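# Survey of secondary and tertiary structure
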Amino acid sequence: MSHTVPPVVSVVPSRALVDETFKVAVQNLPPGSPVTLHSLHLSEDKDFWEAFGHYISDHRGTVSLAEDFSFGGTYTGKEAMGLLWSMRPVPGSREGLRLRKMNVCSPLLVNISVYSGHVEEGFREQAPLASALTERWYMSPGVRRMEVREKGVRGTLFLPPGPGPFPGLLDIWGGGGGLLEYRSALLASHGYVSLALEYFSAGELKSAEIEFNYFETAFNIVSEHPQVIPDRVGIFGLSLGSIVTNYLAAESSVIKPRCCVCISGIHVYPRGATLKGFYRALVSNTHKMRVDENNHEIWRDMVLPIPDDLSQKLDVGKINCPMLLVNGRDDQNWPTVECAEDMAKMMRAAGKEHLLTRIEYLDAGHLIEPPYSPHFRATKFIKDSTKEKAILLWGGQTKPHSDAQEDSWNKILAFLQQHLYSSQTLKAKAKM
Amino acid sequence: MVPCIGVHRNLACLVRAMGGVRWKSSLRPAPLLTATPVRALIDEQISIKGRFLPPQCPVTVCAQMHSDDGDLWEAFAHYNTNADGTVNLTRDHSVGGSYFGCEPMGLFWGLQPAPGSREGLRLRKKNVETPYVMLMSLLEGHVSPSERQSTELAAITTERWYMAPGVRRIEIRQDGVVGTLFLPPGPGPFPAMLDLWGMGGGLVEYRSALFASRGYASFSLTYLGHKDLPGPQTCINVGDSYFKSAYHILQDHRQVCADRIGIIGLSFGAYLSLRIATQAAVKPSCVISINGPVGSTIKVDADGRSKSFESYQKHMVYDDQGHVSFKSMSLPANIIPETKVKIEHIACPLMYIVGEDDKSASSMENANLIEESLRDAGKSQLFTLLSYPGAGHLIEPPYTPNSRLSLWSFKPKKLFTLWGGHPAPHAAAQEDSWKKILDFMESHLTR
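Residues numbered from 1 in each chain as written. Chains lettered and ligands numbered in written order. Predicted model: local features only at pLDDT ≥ 70, side-chain atom pairs only at ≥ 80, totals over all residues. Heavy atoms only, no water.

### A look at the overall build of chain B
This is how the line gets drawn: By definition, any uninterrupted DSSP run of H or I lasting at least four residues is a helix, any uninterrupted run of E lasting at least two residues is a strand, and each is numbered from the N terminus. With the radius of gyration taken over C-alpha atoms, the globule rule is written as 2.2 Å times the number of residues to the power 0.38. Burial status follows relative accessibility: with a 1.4 Å probe on protein chains alone, a residue under 20% of its type maximum counts as buried, one over 50% as exposed, and anything between as partly exposed. Here, two residues are considered to be in contact whenever any of their heavy atoms come within 4.5 Å of each other.
Helix and strand counts for chain B stand at 8 helices and 22 strands. In summary, chain B has a C-alpha radius of gyration of 24 Å against a globular reference of 22 Å for 447 residues, a match within 12%. In chain B, which comprises 447 residues, the proportion classed as buried is 60%. For chain B, restricting intrachain contacts to residue pairs at least 6 apart in sequence, the fraction spanning at least 24 positions comes to 68%.

### Remarks on helix α6 (residues 268-278) of chain B
Burial runs high along α6(B): 11 of the 11 residues are buried. Buried residues belonging to α6(B) abut β13 (190-196), α5 (240-252), β15 (256-266), β16 (286-290), β19 (350-355) and α7 (363-376) of chain B.

### Considerations on α7(B)
All names here are of chain B. Definition in use: To estimate the expected span of a helix, subtract one from its residue number and multiply by 1.5 Å. The arc in question is formed by the directions pointing from the helix axis toward the C-beta atoms.
If you check α7, its first and last C-alpha atoms are 20 Å apart, about what 14 residues at 1.5 Å a residue would give, namely 20 Å. Taken together, the buried positions of α7 are S363, N366, A367, L369, I370, S373 and L374. Projected down its long axis, α7 carries its buried residues within an arc of 160 degrees, all on one side. Check the buried side of α7 and you find it contacts α6, β19 and β20 (383-388). Looking at the residues trailing α7, positive phi occurs at G378, about 70 degrees.

### A few points about a nonpolar patch on the surface
We apply this condition: Two joining distances apply to patches: 9 Å for like charges and 5 Å for nonpolar side chains (Val, Leu, Ile, Met, Phe, Trp, Tyr), and every residue must have over 30% relative accessible area and no salt bridge. Per-residue and other accessible areas were derived by the Shrake-Rupley procedure at a 1.4 Å probe size, with only the shown protein chains allowed to occlude residues. Every case where a carboxyl oxygen of Asp or Glu lies within 4 Å of a side-chain nitrogen of Lys or Arg is listed as a salt bridge.
Taken together, the side chains of A:I56, A:F69 and A:F71 make up a nonpolar region of the molecular surface, amounting to roughly 330 Å² of accessible area. Tracing the backbone through its elements, the reader meets A:F69 in the loop between β6 (63-64) and α1 (82-85).

### Considering unusual backbone geometry
Negative phi characterises most residues that are not glycine, and trans characterises most peptide bonds. Between A:G164 and the following residue, A:P165, the backbone shows a cis peptide bond with an omega angle of -5 degrees. Of the consecutive residues B:G188 and B:P189, the connecting peptide bond is found in the cis state with omega at 0 degrees. With respect to the helices, strands and loops of the structure, B:P189 is situated in the loop between β12 (177-183) and β13. A positive phi angle is found at A:N28, which is not glycine, with a value near 70 degrees. Structurally, A:N28 can be placed in the loop between β3 (23-27) and β4 (34-42). The phi dihedral of A:S264 is positive, around 50 degrees, even though this residue is not glycine. In this structure, A:S264 sits in the loop between β15 (260-263) and α5 (275-283). Of the residues examined, A:S264 reaches a relative accessible area of 0% and is grouped as buried.

### A word on the environment of B:M65
Residue and element names in this part refer to chain B. With respect to the helices, strands and loops of the structure, M65 is situated in strand β4 (residues 58-66). In this structure the C-alpha to C-alpha distance between M65 and S409, which are 344 residues apart in sequence, comes to 25 Å. Other than its neighbours up to four places away in sequence, M65 contacts D71, L72, W73, L111, L123, Y132, V133 and M134.

### Things to note about the interface of chain B and chain A
This is how the line gets drawn: Here the buried area means the combined drop in accessible surface, using a 1.4 Å probe, for two parts upon being joined, counting both sides. Pairs of N or O atoms within 3.5 Å make up the polar contacts considered here, provided that, within protein, one atom can donate a hydrogen while the other can accept it, and that residues adjacent in sequence are counted only when both atoms are side-chain atoms. Just so you know the grouping, Ala, Val, Leu, Ile, Met, Phe, Trp, Tyr, Cys and Pro go in nonpolar, Asp, Glu, Lys and Arg go in charged, and all remaining residues, Gly too, go in polar.
The interface is formed by 44 residues belonging to chain B together with 46 residues belonging to chain A. When chain B packs against chain A, the two sides together hide about 3,300 Å² of surface, and 59% of this comes from carbon and sulfur. Across the contact surface, chain B and chain A share 0 salt bridges. For the pair chain B and chain A, the interface holds 3 residue pairs in polar contact (both at pLDDT 80 or more). For the side of chain B that touches chain A, the secondary structure elements donating two or more residues are β1 (32-36), β2 (39-41), β10 (152-161), β15 and α8 (423-445) of chain B. Grouping the constituent residues of the side of chain B that touches chain A by class yields 21 nonpolar, 11 polar and 12 charged.

### Comments concerning the nonpolar core
Spelled out, the test is: Here, nonpolar core refers to any group of buried Ala, Val, Leu, Ile, Met, Phe, Trp, Tyr and Cys residues whose side-chain atoms link them within 4.5 Å.
A:V24, A:L37, A:Y199, A:F215, A:Y269, A:L275 and A:L416 are the most contacted members of the largest nonpolar core, which totals 131 residues. If one sorts the elements of this core by residue count, helix α7 (residues 398-421) of chain A sits on top with 8 residues. The next biggest cluster of nonpolar side chains, apart from the first, holds 72 residues, and it includes B:W161, B:L386, B:A391 and B:L445.

### Side note on the packing of helix α3 (residues 212-223) of chain A against helix α4 (residues 240-251) of chain A
Residue and element names in this part refer to chain A. Cut-off, in case you're wondering: Here the axes come from fitting lines to C-alpha atoms, over the contacting stretch only for helices, and the angles between their N-to-C directions go from 0 to 180 degrees. In these notes the angle categories are as follows: under 35 degrees is roughly parallel, over 145 is roughly antiparallel, 65 to 115 is roughly perpendicular, and the rest is oblique.
The interhelical angle for the contact between α3 and α4, taken along N-to-C directions, is 80 degrees, at an axis separation of 11 Å. As far as their axial angle goes, α4 and α3 are roughly perpendicular. Residue-level inspection shows F212, F215 and E216 of α3 in contact with α4, the latter providing V244, Y247 and L248.

### Considering the side chain of B:Q255
All names here are of chain B. Relative to the assigned elements, Q255 resides in the loop between α5 and β15. You can call Q255 buried: its relative accessible area is 6%. Separated by 3.2 Å, the side chain of Q255 and the backbone oxygen of G186 make a polar contact. Apart from the residues lying within four places of it in its own chain, the contact partners of Q255 are R168, L183, G186, P187, G188, P189 and F190.

### With respect to the sheet that holds β3(A)
Residues and elements named next belong to chain A. Here is the rule we go by: Any two strands with at least two DSSP-identified bridges between them are counted as paired.
Pairing within the open sheet is antiparallel, and its 3 strands lie in the order β1-β3-β6. The sheet is open, and its two edges are formed by β1 (8-12) and β6, each paired on a single side. Direction of pairing for β1 relative to β3: antiparallel, over a ladder of 5 bridges. Each residue of the ladder has a partner; that of V8, found in β3, is Q27.

### Quick notes on the sheet that holds β1(B)
Residue and element names in this part refer to chain B. Strand order in this open sheet of 3 strands is β1-β3-β6, and the pairing throughout is antiparallel. Each having just a single partner strand, β1 and β6 (87-88) make up the two edges of the open sheet. Taken together, the 2 bridges between strand β3 (residues 47-51) and β6 define a ladder with antiparallel strand orientation. The residue bridging K49 from the neighbouring strand is N88, located in β6.

### Focus on the side chain of B:S363
Residue and element names in this part refer to chain B. By secondary structure assignment, the location of S363 is in helix α7. Overall, S363 belongs to the buried group, its relative accessible area being 1%. If sequence neighbours within four positions are ignored, S363 has contacts with N291, Y352, V354 and D358.

If you want it as structure tokens, here you go:
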């Protein structure tokens, strides 16, 4: 028998939801040999993304990402999921790319390969020793996707399988605009009816006539759905969506969210203004915009200093439901941590501090997304005022940002389950 | 208006009081059913849990799916939730239904045709490129699946696959050989298996698909009952040279390690696996034979082709319901001597698997014969015997249901054949033997 059994790389499970972990292992290597584990993904935009780690096999010729250390590559240390969260566009790619799945009905396909030696580049020019294919899904089987065009509201509703009734969520994204379905698909896979909302197309914020009753109508589309428990509907916002969430929680007399999750949000907002008005106020501060050494735009100072004038801030003291605020301390787009501090002060003054849970992550940036998705420190953004594409600095360092994504997602799911699934009544909570 | 009802009212009582109308209120949480993973390979365990149920309450977990032929298969089990309102199939005990006790995968191996189904069904996946889609439901009370509509609390969908992502399926029609090759993803070369089935005939792909999902190139071969084979479909019209050609197709494939090929066979396929391995023409690295004889009661020519199946009629035994057992056909005493393999010529490790309740083959007797022959030849060290009490003839990949009998032919009238095997012990045999088969392959094909 020949002694050259080729190595085998295994990924278990081979089909998983995007927030599930996997175990990557290689066997049949020569003992003590340096190898590179490599991941490759072709995005819907036809860009290649990759990650890699440098390993050494043990005396049995095995490498296990759950147990072994990477000594180089796009990540180091003991990182079972490093091949996913440390992905970046391959050398030679266009600038400022962001990896976002638009078609949630198909999986993300990731090729995992093992190469001989500690390879730094040129992966596609050499043959791997072995490879495997893994599927990463935003949607569980049985989740139903339904386009919503109702009462002027545009979005996509995701329903878990089963008779229900289910708790619900209104899922609001940020100033980039468009319709992003992936978080809602994932939330439905966890048992929530979730409406991914579109409130303006990319680059149209300035001209979009958005009044807050658009969001109230959207909320009610969820709460009035026959398969939704009407008083167990929450709101989930990111960035501009978090402002909307804070606004609705504080000011709406029409809807009563059961709880809210706000990622990278602020409360600085001229009271009574439309989103267009908010945007006008923000843009009037462009003189405070800075750029970094790469000419990437830093917007956080445009919101500072946080005004003392209460008419320039949302009246968060009026909030009556549990709020989970998730922010990154290296957020370069908005001063989310400073705002969270100020929100806490305002809520404390109104005797509502027990409703607030603040989670802040050192070295995490603005775009805190579901776990294991790559980190983007700066990406292209369509600027409203000139319709030109700029590159915005979101902030965050890859490893701490990825840890923040993983940790915050667990905490978010636990928070939602506590308030929307469990039968326990509201209790006073200590600030984290 | 919904009258005010105390929070501690039992869920089942509540729904009866309301006349079946769901009581939507913030006081009643929605129950949640989860399965992890939701997309699994057939041989992977799925962990099923129910949460946010009332404590110490009777519930039923139920699984339903359609076979490739459109038949409905179902399984169910009765549990009582524990004090924290959860049910967990990896921890809790079923007190009724398709299985008893703690059986995390009972809803899968316990599947049976739904009431009113055609007789004598056997669950076999024809199209391995699609998954089995299974609806798992959590029902209120201790009920049967027919009551699902009125008692369903929660439901999820799971997919169970024979093929991992990246596995390639290649139809082979070459040198007169008819089969399907499954290759794992990647450049290879891969250790390989030749995969053989029984006298039911046709081309059975699912075990090969699973081997490829586990890193082996695997070639499912047909030798009977396939339109692309020569001659009448009721006879075996191919002989030793056919199997040798098939082995060579595998060996010559650029993505197969030529010197790391094993053979696995069930039933008559087990006989063929021994015949191929002892014919000197090829040198497999290991052989796995399941519930098969060392010889045949069918007259075959020198090349191993059968003339007809008349000769085995005399060995067919009927029970009092008219079901046929082929068991005595493979009794060593009834085997035609010229067909008997010279087991002492085997030159590689052999694993023989016996279902002790096998009603279709005299597996135990043949196992003993093989063991004796190898001992006499001083080759005991090559032999591994796995013997499973309560298991039947059809020892297949795990977490799939066993059929104690199934439809064998329908002309001149419907004839059912007995396979044997009782549900729980047969399931345990499939689970245990699959692990041991994969370990055996790893030992002899990858080291």
